[in-house]
Amino acid sequence: MPPQVIEAMQRPMISHRSAEFRDFYLELIARLKRLHRTEAEILLWPGSGSAGWEIGIVNLLAPGDVVVAGVTGDFGDRFAQVAAMFGCDVRRMDVEWGNALTPQRLEQELQANRGARAVLLTHNETSTAVTNPLRELTEVAHAHGALVLVDAVSSAGGIPIDFDDWGIDFLFSGTQKAWMCPPGVVIVVAGPGALECAAQSSTPRFFWDIQRNLDMTRKGFTPTTPPLSLLFGLDAATAMIESEGLDALFARHQRLGEMTRLGLRQLRMRLLADERYASSTVTAFFPPEGVAAKTIIDRLKADFGITVAGGQAHLAESIVRIGHMGWVDDDDIEHCLTALNDVLESV
Ligand code: PLP
């Protein structure tokens, strides 16, 4: 995390029912709107990214609703599972891991499921390092009259999202990824279509109720006691992002993604993601024949203090993932690639 964020989080507590909080909160919400390029509602809750799946489903959907779910990896799988747990009739579009969900595939699925109420999408599938073509997928979904619910946990703040222009209905992310903060706050964007559905939906909910949150947010407050230190951190982080500028921010992430992939190819590593949809926030690669992913991960940590991740689900043992979102620059990537080269030469 940037030092500015760490410092902001040391601020003493204030009353969350004070005018001071109200002014602070309204400004934070306004900035988050600008960073999502939206005039739709921004709602924050204490919670990790996973809460976003449930918030979307319990507010916008009802048991029995036909829902089409793009499953391009482990997180898309979980989104689909949560919808099924709440009684939705989920039609999965499973895509081989490493590939993206294409608009053509979604079109076919929606033709086969006419009247589907919603499409569940994972913008950036962190488990495979693939960015799905959100704008085009949203267009297809809307042509079929389906709502679009988007998991943007590892894309928001790193990969372009034009919420209003693309007409997304509901989108969420978590503070711990490109937003450069500790985990603990889920950031929701709810468009007019989402609010309309929430007003009609009878699915029981309390903590995650969009309307309760919105009524308080409009007045500059939160429905329950907020995680104040995290909000102070998020305020500092989003101020930094705004002063970098959204275009520069997205260009930096794109450059870091390209640098990482180029460097890995030079080291003769095979990448998991289809290059056309390769992510700008995370890159996944297969270690060379005979070298365990875990060996690379452990050696990078022990010898260089660099933390990278393994894979998830059936790829748990077979890939390594490098995160390059948020507080990351070219030097970090160069350092990581040089360290990886050293590790590979010595195993
Ligand atoms: N969705 C995506 C795309 C993610 O990358 C993650 C976490 O990495 C989640 C959902 C779940 O978020 P959390 O672990 O914050 O609950």
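Here we summarise the structure given alongside this text.

Cut-off values and rules
Residues numbered from 1 in each chain as written. Predicted model: local features only at pLDDT ≥ 70, side-chain atom pairs only at ≥ 80, totals over all residues. Heavy atoms only, no water. Salt bridge = Lys/Arg side-chain N within 4 Å of Asp/Glu carboxyl O. Helix = DSSP H or I, 4+ residues; strand = E, 2+ residues; numbered from the N terminus. Buried < 20%, exposed > 50% of the residue type's maximum accessible area, 1.4 Å probe, protein only. Polar contact = N/O pair within 3.5 Å; in protein donor to acceptor, adjacent residues only side chain to side chain. Contact = heavy atoms within 4.5 Å. 1 Å grid on protein atoms, 1.4 Å probe; cavity = no way out; pocket = protein on both sides within 12 Å on 5 of 7 lines; lining within 4 Å. Points joined across faces, edges and corners; volume = space filled by probe spheres on them. Nonpolar A, V, L, I, M, F, W, Y, C, P; charged D, E, K, R; others polar.

## Considering the pattern of salt bridges
No. 1: Applying the stated criterion across every chain yields a total of 22 salt bridges.
No. 2: A salt bridge links E242 to R31, with the shortest nitrogen-to-oxygen separation between them at 3.5 Å. With a gap of 211 residues between them, E242 in helix α10 (residues 228–244) and R31 in helix α2 (residues 19–35) connect regions that are remote in the sequence.
No. 3: For R31, a relative accessible area of 7% translates into the label buried.
No. 4: Across the pair E275 and R265 runs a salt bridge, and its minimum N-O distance is 2.5 Å. Of the two residues, E275 sits in the loop between β10 (270–271) and β11 (282–286) while R265 sits in helix α11 (residues 246–266), which places them 10 residues apart along the sequence.
No. 5: Judged by relative accessible area, which is 43%, E275 ranks as partly exposed.
No. 6: What you see here is one network of salt bridges that share partners, running through E27, R31, R34, D235 and E242.

## Remarks on unusual backbone geometry
No. 1: The residue M180 is not glycine, and still its phi comes out positive at about 65°.
No. 2: Inspection of the secondary structure assignment puts M180 in the loop between β8 (170–174) and β9 (185–190).
No. 3: Residue classification places M180 among the buried residues on the basis of a relative accessible area of 7%.
No. 4: For R268, which is not a glycine, the phi torsion comes out positive at approximately 65°.

## Considering the side chain of E41
No. 1: You can see E41 is positioned in strand β1 (residues 41–46).
No. 2: With a relative accessible area of 15%, E41 lands in the buried category.
No. 3: One polar contact links E41 to R218, side chain to side chain, over a distance of 2.9 Å.
No. 4: Leave out the neighbours within four places in its chain, and E41 touches K33, V188, V189, A190, L195, L214 and R218.

## Let's talk about empty space enclosed by the protein
No. 1: Within the structure shown, the criterion is met by 3 cavities of 30 Å³ or more.
No. 2: Empty space within the largest cavity amounts to approximately 110 Å³.
No. 3: Lining the largest cavity are 16 residues, and of these L44, W45, P46, T222 and T224 sit closest to its centre.
No. 4: Elements with a minimum of two residues in the lining of the largest cavity: β1 and α9 (210–219).
No. 5: Looking at the lining of the largest cavity element by element, the count peaks at 3 residues for β1.
No. 6: In terms of residue class, the lining of the largest cavity is built from 11 nonpolar, 4 polar and 1 charged.

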